[in-house]
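# Reading the structure
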Amino acid sequence: MTVPLQATTRPTFWRIGPVGKAVFYYLAALAVLVFLYGVYERVRRYAQGSDDPFDRLDDLPGRVLAAARLALSNRKQLDRDAVAGVMHAFVVWGFLTLLIGTTILGIDMDLYRPLTGESFFVGRFYLSYSFVMDAMGLLFVVGVGVAMWRRYGRRMDRLHDRHTSREDDLFLGALFVLGIGGYLTEGVRILGTSTVRDVSFETVSFVGWFVKDLLVAAGVSAGQAAAAYPVVWWSHALVALWFVAWVPYAKPFHMLSSFANLVARDEDAGVRLPGVPEDASPEEIGPSEIDDFSWKQLLDHDACTKCGRCSDACPAKASGRPLDPRNVILDLKRYREERDAGGEDVPIVADGGTSVIDARTMESCMSCLACMDACPVDIEHVTQFTEMNRRLTESGEMDEHVQDAMMNVFQQGNTFGEPERKRPDWTDDLDFEVPDAREDPVEYLWYVGDYPSYDERNRKVAKALARVFEAAGVDYGILYEDEQTDGNDVRRVGEEGLYEMLVEDNAAAIGDCEFETIVTTDPHSYNTFMNEYPEFEACEWTADDVAHYTQVVADLAESGALGLSGDELDYTVTYHDPCHLGRYNDVFEAPRDLVDATGCDRYEMPRNRADSFCCGGGGGGLWMDFDEEPKPSEERLREALEDTDAGESVEKFVVACPMCMTMYEDGRKTGGFEDEIEIVGITELLAEAVANES
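Okay, so let's go over this structure. The structure displayed is predicted, hence computed values, not measured ones.

## Some details on the sheet that holds strand β10 (residues 678-681)
Either a parallel or an antiparallel arrangement is found when strands of a sheet pair, and the pairing is made through backbone hydrogen bonds. Within the open sheet, the four strands sit side by side as β8-β7-β9-β10. Their pairing is parallel. The sheet is open, and its two edges are formed by β8 (601-603) and β10, each paired on a single side. Each strand axis lies, on average, 35° off the axis of its neighbour in the sheet, ignoring direction. When strand β9 (residues 652-655) meets β10, the two strands line up parallel, connected through four bridges. From the neighbouring strand, K652 faces β10, where its bridge partner is E678. On top of the sheet, helix α27 (residues 682-693) reaches β7 (572-575), β9 and β10; it is set at about 80° to β10, its chief contact.

## Focus: the sheet that holds strand β4 (residues 476-478)
Here four strands make up an open sheet; going across it, the order is β4-β3-β5-β6 and the pairing parallel. Each edge of the open sheet is held by one strand with a lone partner, namely β4 and β6 (546-548). Geometrically, the sheet is characterised by an average inter-axis angle of 30° between neighbouring strands, direction not taken into account. Contacts from helix α19 (residues 456-472) reach β3 (444-447), β4 and β5 (517-520), with the element oriented near 170° to β3.

## With respect to the pattern of salt bridges
Inspection of every chain in the model, using the stated rule, returns 63 salt bridges. A salt bridge links R158 to D81, with the shortest nitrogen-to-oxygen separation between them at 3.0 Å. Taken together, the residues span a long stretch of sequence, with R158 in the loop between α5 (123-153) and α6 (166-193) and D81 in the loop between α3 (75-78) and α4 (82-116) at a distance of 77 residues. What makes R158 buried here is its relative accessible area of 12%. On the basis of relative accessibility, which here comes to 12%, the residue D81 falls in the buried class. Put simply, R602 and D596 hold a salt bridge, and the shortest N to O gap is 2.9 Å. The partly exposed category is assigned to R602, whose relative accessible area is 25%. When salt bridges with common partners are traced through the structure, they connect D577, E589, R592, D596, R602, E604 and R609 into a single cluster.

## Remarks on the packing of aromatic side chains
Taken as a whole, this structure holds 33 aromatic pairs when the rule is applied. Ring geometry for Y37 versus Y40: centroids 6.4 Å apart, planes at 40°, classification tilted. One end of the pair, Y37, and the other, Y40, are both in helix α1 (residues 17-46), three residues apart, so they sit about a helical turn from each other. On the accessibility criterion, Y37 (49% relative accessible area) is partly exposed.

## Describing the state of the cysteines
Within this structure, the stated rule accounts for zero disulfides. This cysteine, C615, is not joined by any disulfide, and C660 carries the nearest cysteine sulfur, 3.9 Å off. In this structure C615 comes out as buried when scored by relative accessible area, which is 5%. Distance from the sulfur of C657, which forms no disulfide, to the nearest cysteine sulfur (C660) is 3.9 Å.

## Quick notes on the environment of L105
Locating L105 in the fold gives a position in helix α4. For L105, a relative accessible area of 14% puts it in the buried group. As a C-alpha pair, L105 and R155 span 50 residues in sequence and 39 Å in three-dimensional space. Beyond its immediate sequence surroundings of up to four residues, L105 is in contact with R10, T12, F121 and Y129.

## Things to note about the environment of D340
Topologically, D340 is positioned in helix α13 (residues 325-340). A sequence separation of 295 residues divides D340 from R45, and the C-alpha atoms of the two residues are 9.5 Å apart.

## Thoughts on the packing of α4 against α5
α5 packs onto α4 with a crossing angle of 145° between their chain directions and a minimal axis gap of 7 Å. Crossing hand, α4 versus α5: left-handed. Grouping the amino acids of the contact of α4 with α5 by side-chain chemistry returns 21 nonpolar, six polar and one charged.

## Comments concerning a negative patch on the surface
Together, E278, D279, E283, E284, E289, D292, E394, E420, E504, D505 and E537 make up a region of like negative charge exposed at the surface. As for its position among the elements, E504 is in helix α21 (residues 496-511).

About the criteria used
Every chain begins its residue count from 1, and numbering advances along the sequence as written. Reporting in this predicted model follows two pLDDT cut-offs: at least 70 for local features of residues, and 80 or more for side-chain atom pairs to be given and counted; totals over whole chains, interfaces and linings ignore these cut-offs and use all residues. In computing side-chain values, all of the structure's heavy atoms are included and hydrogens and water are not. For two strands to count as paired, DSSP must find a minimum of two bridges between them. Working definition: helices are DSSP H or I runs of at least four residues, strands are E runs of at least two. Numbering for both runs from the N terminus. Only C-alpha atoms enter the line fits that serve as axes; for helices the fit covers just the stretch in contact. Angles between N-to-C directions range over 0 to 180 degrees. Here, residues are in contact when the closest pair of their heavy atoms is within 4.5 Å. Only one rule defines a salt bridge in this text: a Lys or Arg side-chain nitrogen within 4 Å of an Asp or Glu carboxyl oxygen. For every residue, the accessible area obtained with a 1.4 Å probe (protein chains only) is divided by the maximum for its type, and the residue is called buried under 20%, exposed over 50%, and partly exposed between those limits. Stacked, tilted and edge-to-face pairs are distinguished by plane angle, under 30 degrees for stacked and over 60 for edge-to-face with tilted covering the rest, among Phe, Tyr and Trp rings (Trp via its six-membered ring) whose centres lie within 6.5 Å. Put simply, a disulfide is two cysteine sulfurs that come within 2.5 Å. For a crossing to be left-handed, the near helix must be turned anticlockwise from the far one by less than a right angle; the clockwise case is right-handed. Residues are sorted three ways: Asp, Glu, Lys and Arg are charged, Ala, Val, Leu, Ile, Met, Phe, Trp, Tyr, Cys and Pro are nonpolar, and all the rest, Gly among them, are polar. Only residues above 30% relative accessible area that lack a salt bridge enter a patch, with like-charged residues linked at up to 9 Å and the nonpolar side chains Val, Leu, Ile, Met, Phe, Trp and Tyr linked at up to 5 Å. Under the convention used here, a 1.4 Å probe and the Shrake-Rupley method define accessible areas, while residue burial counts only the protein chains that appear. Only four residue types enter the charge count: Lys and Arg as positive, Asp and Glu as negative, with His and the chain ends excluded. Where a charge lies is defined by one atom per residue type, namely NZ (Lys), CZ (Arg), CG (Asp) and CD (Glu).

Now the structure itself:
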C-alpha cells in the first residue's frame, strides 16, 4: 500500500501530551532567556574595555557577509591541518543544518499552522527535509567523533595543556550526545509508530531507519519503543535546552565570539600597528589593567578555541623560548574572569615578581605573524604583544640588549652605534659611483638600511644589488648619511616614541628628494614604509610608492634588462620566505622568479610561503640573547638539508632579507652546517649570473 503524499510526515510531540508540550515551551523560553542574558553580559563586559583605535564596524553588512564566507569556506581551518579543517567543516555545517532544521519545524508548528490551518511539513518537502537532516546530522556526528579521537585517542599534544579542563570534555561530550540522541529519538519514533501507520517512506531518514533496524535486531518491539519514546524524547530535549542555556557561560560561546571576531577583524592587524594617543601619559601607554585592552582584544580572548594552532606555528615556542601564544591569550582571559570574581589585582606584564605575563615571554615574540596566520578565528596576538612590550618600555623593564640597540638608534640613527658618516662606506670599493638621490631626481630612491650599510656580510648584498642596478641601467640613488634606521622593529619592541621620531626624520629626508618609487633592501623597511609611515602626516608617499628590490629586479629580469638567458648558474638551492616580505605582504613569487631566472635548480622546503618558519631575528630577536635549543635558524637549515625533495644535495640557502642573512650565517656556525650549505642573497646570485652572461 502506497502512503498518500500528503500523509507523508511525522507526528510532532507524539505521546508527549498537552501538559508536556506546555512544560517544553516553558523550558525553551527559559533557556532562551538565560542564553540572551549571558550574551548581554558578555557584550556589556567588552564595553568596559578601552576604545579600539581602528573602525571595526564600518560597512557592517559587508563585514558579516565576508565573515560568513570565511567561516563556511573553512579556509583558515584547512590551512596547515587538513584533517582538522574537514572535521570542523563537518561539525559546523552539520550543526547549522540541524539548527536551521529545528527552526523550520518551529515555524511550521508555531506560526504557519496556527495562521493557515495547514502544514508545509508534509509530502516532498518533508521527505527532502528528512534526507538532508539525516545526511548533515551524520556529518556532524562524524566530525565530533573525529574531534574526540584526536583529543582522546590520538591525544594530540597541542590539545592538552594547563588550560585544558573538564569544560572541554563536557563541550565535546554534549555535542556527541546531542547528535547521537537525535538519531536515537528518530529511530525509536519510527519503530514505535510502525504499529499504527505505514512508515515505509521513513527510509528516506536513512540513519534513523538504520537505528530502528538496530533496535529491532536487539529485540525491541514496537510497543516497547512506543512506551520508551517519551523518556527518550525528554532526555534529548532537556540536553538540547541545557546546551542552549549553557552556551554564553562556557566554551560553547566561542561559536558566537569567534564569528564576531571574524566580523570585527582587521586585515592589516600586525602588519601595521596602532599608534599611541598624543595625550597619553607614560602610565597610559600599554596595558596596566585588564580593561586597558580594547573591546576587540577582550573579544579575542573569548574567541580562542584552545586549538593550539598558534602554538604549533610559533617559532619561539619551538625553540624553547618562554612563549606560547595560546597561553598568553588564555592567561589574560583567566585573569579577567578572576578579577571579575573579586580576585587579586596584579600587573598585566612585568619583569619578575607576580604578573599575568612575564616580561621574558613578551620579549620572546619574533613578530613573525605565524600565530595570527595559523589562527582560524583571527585573534590578533601580535598587536597585544606589542602593546605589552610598550608597557615594559614605559616601566623601564626592557631587555638590556634591546636598550643598548635603542640607545644606538637614538644617538646615531642606527642600531650598530656607528657614526652616520660611515653609513655609505660600503660604496667605497665599487668601481662606479652610486648616485646621490639628494642631488638629482631619480626613478628609484633606494633605501639601503642598517645591515646592508654597516654589517660586513650584508654589505656584500648591497654591493651586489648596486651592480645589478648598474647592469640594468636603472635610474636610482641613495640617501647616503641622511638615511636612518627604518624603525619597524624599534616599534615592535615597544619603543613607540623613538619610532615616531624616526618616521619624522626619514620622511623629511625622503621628502627632500624627487623620485617615483622607494625601493628597500630589507623587507622590514618595506613593510613599515608601505603600511605604517603613510599613516603619519609627515609622510608624503602612499603604499603604491614603495617596493621591495625583488619586485623591481623581477620586472627588470622579465623585460630582458639584465640580459639573462636562464642557464647562467647550475646550483641546487632552496629559497626562504622572509616573514615581513611573505607572510606580512604576500610577496612570494617575485623572489622565486629571480632565483629561477639565474638557472638555479630551486627546491621548496615543506614550510614555505605563508607557512614559512621565522629565522628568529624579528621583533628585536636579532638584538637579544636567548638560551635556545635549537635556534630557529638552526632548525630551518636542518629543514633545508633534510626535508626538501633535493635532500642533502642543496648547496645554497637563498635569502632576501638582511636580518635573515645575519641569523642564518650565525645558525650555520652554531648548528655545525658550515661545510654543508652556503647562505647567499638573491642579489649575489643575480650579480654572479649577470657577470657570467657578460
